[in-house]
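Now for the letters of each chain:
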Protein chains: 2
Amino acid sequence: MSLGEFDLIARYFQRPAGQGPRRAVVGNGDDCAVLAPAPGMQLAVSTDTMVEGRHFLSTVPPERLGHKALAVNLSDLAAAGAQPLGFLLALTLPRVDEAWLAGFARGLLALADEHDCELVGGDTTAGPLAIGVTVLGEVPSGRALLRSGAAVGDDIWVSGHPGEARLALEAFRGTLVPGLSAADFETARLALERPDPRVALGVGLRGLASAAIDVSDGLLGDLGHILAHSGVGADLFLSTLPIAPCLAARSRTEQLDCILAGGDDYELLFTASAAHREAVVQLGAQLGLPLSRIGRVRGQPGRSLFESEGMAPLADRWASFDHFKA
Amino acid sequence: MSLGEFDLIARYFQRPAGQGPRRAVVGNGDDCAVLAPAPGMQLAVSTDTMVEGRHFLSTVPPERLGHKALAVNLSDLAAAGAQPLGFLLALTLPRVDEAWLAGFARGLLALADEHDCELVGGDTTAGPLAIGVTVLGEVPSGRALLRSGAAVGDDIWVSGHPGEARLALEAFRGTLVPGLSAADFETARLALERPDPRVALGVGLRGLASAAIDVSDGLLGDLGHILAHSGVGADLFLSTLPIAPCLAARSRTEQLDCILAGGDDYELLFTASAAHREAVVQLGAQLGLPLSRIGRVRGQPGRSLFESEGMAPLADRWASFDHFKA
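All values derive from a computational prediction rather than experimental measurement.

1. Digging into the overall build of chain A
Then step 1. In terms of helices and strands, chain A carries nine helices and 11 strands.
Then step 2. Here the C-alpha atoms of chain A give a radius of gyration of 20 Å, agreeing with the 20 Å that 2.2 N^0.38 yields for 326 residues.
Then step 3. Each principal axis of the C-alpha distribution contributes one length, and for chain A these read about 65 × 50 × 30 Å.
Then step 4. Relative to its 326 residues, chain A shows a buried fraction of 50%.
Then step 5. Within chain A, contacts between residues at least 6 apart in sequence are counted, and of these 88% link residues at least 24 apart.

Given below as C-alpha cells:
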C-alpha cells in the first residue's frame with residue numbers, strides 16, 4: 001500500500017470538526033493519543049481482533065462489520081462496568097476498496113457516537129483482512145466488575161436472549177431442519193452481525209453485581225470462567241432460561257444448544273446477592289432490557305443443571321460441548 | 001485453534017508471581033485490565049501492527065520479533081515523552097509452534113521488563129501471522145511532546161545513528177555493491193531487527209523539545225510530519241548528519257539514502273529552542289546517546305538541504321523518494 005493509499009484510508013475515519021465525540025486531549029495523528037480519565041476514575045482496557053474467515057465471512061456487509069468490531073470490545077467494557085472513553089483501530093486490508101471502507105467506517109463510527117467513544121488512534125497495514133480494536137474506558141476506583149466476586153448463595157442472571165447468534169450461525173451452516181422462517185432468520189442474523197453491547201447495563205450493575213462477564217464463548221463456557229475465578233460452583237434452572245422469539249419454534253434440543261453453548265451474543269452474565277434482586281429487576285425495567293434469573297451460586301465446584309429448582313439434576317450433555325465451536 | 005491451544009499460548013505470556021512488572025489493578029484474565037495513571041498524569045496510547053511478509057520475513061528469529069513488536073510501540077510513547085505503563089498483545093497465529101512462542105515471548109517480555117511495562121491483556125486468534133500491540137503510558141498533564149510545537153529558529157536534532165536499519169534492508173535485498181562486511185551486516189541487522197526504543201530520551205526531553213517524532217518512515221518523511229503539524233519549514237545541513245560506523249565505508253550516495261530516506265530506526269527526531277542547546281547536549285551525555293544537531297526550523301514551508309550552513313542549497317533528490325519504500 002502506498003503512502004497515498006494510507007492517506008485515503010485515514011480520510012474515512014476522520015470526522016468533520018464538531019461531529020463525533022471529543023474525549024482525547026491529543027487525538028489521532030500524533031505519535032500517541034493522550035487521554036485523561038476523570039479524577040477518581042481508573043482506566044479499563046481491552047483488545048479484540050476479528051480475522052476474516054475465522055470471525056466473519058466476506059459476505060457480511062461492511063457496515064455491520066464495523067459495528068461488530070467495536071461492539072465486541074465495548075462489550076468487554078460493559079462486563080467490567082466501565083464507561084467507554086475512546087478506542088484505537090488496527091486495520092489490516094488486502095486492498096483499498098472505497099465502498100467497503102465507507103460502509104465499514106459508517107457502521108463503526110455510528111456505534112462509537114452512540115456510546116460517546118472517540119476514535120483516538122490507529123494503524124493501517126496491507127495484509128489479510130483483520131480488524132483489531134483496543135477500547136479504553138473508565139470506572140470509579142475499585143468498582144470495576146470482575147469475574148472473581150461471585151459468592152455462595154448469589155443469584156445468577158443473564159441479560160436479553162442468548163442463543164440468537166448461534167441460531168443464525170447454524171442457519172448459515174445449514175444444520176437446521178426445518179430451516180428458519182425469513183423473519184426469524186433476519187432477527188437471528190442481526191443478533192450475530194450487529195450485537196448490542198450492554199454498556200448501560202454494565203454501568204448500572206456497579207455496586208449490584210458481585211461478578212460479571214460477557215457471553216462471547218457461550219453461556220456455560222463463560223459461566224465457567226466466573227466459577228473458576230470465584231472458586232465456586234453453580235446450579236442452573238433450565239425452565240428459567242429466556243427463549244428468544246426466533247427460537248420459540250425450534251425443538252427443545254436446539255433451543256438449549258443455542259442458549260447454553262452458543263456464543264457471540266454479547267449479553268451480560270452476572271451474579272448478584274439475593275439482597276439486590278429487586279434492584280436488578282428495577283434496573284432491567286429502567287433499561288427496557290429483559291434480565292432473567294437463571295440459577296444460584298453454590299460452594300461445591302462444578303455446575304449442575306435442573307429443569308426447575310428442587311427437581312433431580314439432568315444429564316449435562318454440554319460438558320464437552322466447547323470443542324464443537326470452530 | 002481449539003480452546004486447549006489458546007490455553008497453551010497463554011501460558012507463554014504468564015509470569016510466575018513476583019516476576020515482571022505489576023502495574024495493573026486488574027490484570028490479564030478478566031474482561032478488561034484496569035490501570036490507574038498516577039494523579040496529575042495523562043494517559044498516552046498508541047497501537048502498531050506488524051504483518052508477516054510486510055513488516056518482517058519469516059526468517060527473523062522469533063525472539064527479535066517479540067522485541068521489535070513492543071519496541072516500535074514503546075518508540076511511540078518515547079516520541080510523546082511518556083513513561084510506559086503496560087501493553088496489550090493481539091496475536092494472530094497460523095498454528096501453535098511452541099518453539100516460536102517461547103522465543104517470541106522471551107524477546108517480548110525481556111524488553112517489557114526493561115521498561116517496567118506490564119502485559120495487561122490480549123487476544124489470540126487463528127489466522128495469518130500478525131502481531132498487534134497497544135501500549136499505554138503516562139505523561140504529566142499537558143506535557144506530552146507533540147508534532148505541532150516546532151517554532152521558527154528551533155534547532156533540529158536526531159538521536160543515535162539513523163540509516164543502519166535501511167542498510168540492513170538493502171543488504172537483504174542484495175542491492176549493495178560491494179556487499180557489507182560480516183561485522184557491519186550484523187550491526188545493521190541488529191538495528192533493523194532489535195531496535196532500542198528511546199524511552200529515557202523522550203522522558204528527558206519533556207520541557208526541552210518543542211516537537212518530537214520517532215523515525216519510522218525515514219528522517220525526511222518524519223520531519224515532514226513535524227513541519228506539516230507545526231506549519232513551518234526546515235533547513236538541513238548534511239555535513240552534520242551522524243554517520244554510523246557500519247555506514248562509514250559506504251559511498252556518500254548510499255550513506256545519504258540510508259540516513260535521509262531509510263526508516264525503521266526508531267531514533268527520535270525533535271526540535272528544541274537554541275536556548276536549550278546546552279541542556280540537550282547534557283541529556284545526551286547523561287544517557288550515553290549521541291544527539292546530533294542537524295538543522296534549523298524556518299518560517300518558509302518546505303525543506304532545503306545544504307552541505308553546510310551558508311552554502312548554496314543542494315538538489316533534493318529525495319523529494320519523491322517515499323514511494324520507493326515497499
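2. Notes on the relation of the copies chain A and chain B
The relation between the two copies of this chain is a rotation about an axis and a shift parallel to it.
Then step 1. By a simple turn and slide, chain A fits onto chain B: the slide is 0.0 Å along the axis, the RMSD is 0.0 Å, and the turn is 180 degrees. When the rotation and shift are considered jointly, the pair of chain copies conforms to a two-fold rotation axis.

3. Focus: the sheet that holds strand S1 (residues 33-35) of chain B
Then step 1. One open sheet accounts for five strands, arranged S4(A)-S3(A)-S5(A)-S2(A)-S1(B); its pairing is mixed. In this open sheet, the two edge strands, each paired with only one partner strand, are strand S4 (118-126) of chain A together with S1 of chain B. The mean inter-strand angle of the sheet, taken between neighbouring strand axes irrespective of direction, is 20 degrees.
Then step 2. Note: strand S3 (residues 83-93) of chain A against S4(A), eight bridges, orientation parallel.

4. Things to note about the domain arrangement of chain A
Residue and element names in this part refer to chain A.
Then step 1. Each assigned domain of chain A is listed with its residue range as follows: domain 1 (3-15 + 40-140) and domain 2 (155-309).
Then step 2. Spacing between the C-alpha centres of domain 1 and domain 2 amounts to 25 Å.
Then step 3. Across the boundary between the two partners, domain 1 contributes 18 residues, which contact 17 residues of domain 2.
Then step 4. Secondary-structure elements contributing two or more residues to the side of domain 1 that touches domain 2 are helix H2 (62-80) and S3.

5. Observations regarding the sheet that holds strand S11 (residues 302-306) of chain A
Residues and elements named next belong to chain A.
Then step 1. One open sheet holds the six strands; their spatial order is S7-S9-S6-S10-S8-S11, and the pairing between them is mixed. Every interior strand has two partners, whereas the edge strands, strand S7 (209-214) and S11, have only one. Pairwise comparison of adjacent strand axes, ignoring direction, gives a mean angle of 25 degrees for this sheet.
Then step 2. Bridging between strand S8 (residues 233-237) and strand S10 (residues 291-298) involves four bridges; their strand directions are antiparallel. Considered in S10, the bridge of Asp 235 is made with Arg 296.
Then step 3. Most of the contacts of helix H9 (residues 277-287) go to S10, to which it runs at about 150 degrees, and overall it touches strand S6 (155-159), strand S9 (268-272) and S10.

6. Topic: the interface of chain A and chain B
Then step 1. Across the boundary between the two partners, chain A contributes 51 residues, which contact 51 residues of chain B.
Then step 2. At the level of elements, strand S1 (33-35), strand S2 (41-51), H2, S3, S4, strand S5 (130-140) and S7 of chain A are the ones that each hand at least two residues to the side of chain A that touches chain B.
Then step 3. Element by element, the count of residues in the side of chain A that touches chain B is highest for S2(A), at nine residues.
Then step 4. Per-class residue counts for the side of chain A that touches chain B are 28 nonpolar, 14 polar and nine charged.
Then step 5. Where S2(A) meets S1(B), three bridges bridge the pair, whose relative direction is antiparallel. Bridge pairing in S1(B) places Ala44(A) opposite Val34(B).

7. Looking at the packing of helix H4 (residues 164-173) of chain B against helix H5 (residues 182-193) of chain B
Geometry of a packed helix pair, given as the angle between the helix axes and the separation of the axes.
All names here are of chain B.
Then step 1. Where H4 contacts H5, the two axes come as close as 7 Å, and the packing angle between them is 110 degrees. Viewed along their axes, H4 and H5 adopt a mutual orientation that is roughly perpendicular. For the pair H4 and H5, the crossing hand works out as left-handed. Of H5, the residues touching H4 (which contributes Glu 164, Ala 165, Leu 167, Ala 168, Leu 169 and Ala 171) are Phe 185, Thr 187, Ala 188, Arg 189, Ala 191 and Leu 192.

8. Regarding the environment of Ser230(A)
All names here are of chain A.
Then step 1. Inspection of the secondary structure puts Ser 230 in helix H7 (residues 219-230).
Then step 2. Given 21 C-beta atoms within 10 Å, Ser 230 falls into the buried group.
Then step 3. Put simply, Ser 230 and Ala 150 are 80 residues apart on the chain and 5.5 Å apart in space, counted from C-alpha to C-alpha.
Then step 4. Excluding residues that lie within four positions of it along the chain, Ser 230 makes contacts with Arg 147, Ser 148, Gly 149, Ala 150 and Ala 211.

Conventions used here
Residues numbered from 1 in each chain as written. Chains lettered and ligands numbered in written order. Predicted model: local features only at pLDDT ≥ 70, side-chain atom pairs only at ≥ 80, totals over all residues. Helix = DSSP H or I, 4+ residues; strand = E, 2+ residues; numbered from the N terminus. Rg over C-alpha atoms; globule rule 2.2 N^0.38 Å. Buried ≥ 20, exposed ≤ 12 C-beta atoms within 10 Å, placed from the backbone. Contact = placed C-beta atoms within 7 Å. Least-squares fit on C-alpha atoms with pLDDT ≥ 70 in both. Pairing = 2+ DSSP bridges. Axes fitted to C-alpha atoms, helices over the stretch in contact; angles between N-to-C directions. Domains from an automatic or database assignment. Nonpolar A, V, L, I, M, F, W, Y, C, P; charged D, E, K, R; others polar. Parallel < 35°, antiparallel > 145°, perpendicular 65-115°, else oblique. Left-handed = near helix turned anticlockwise from the far one by under 90°.

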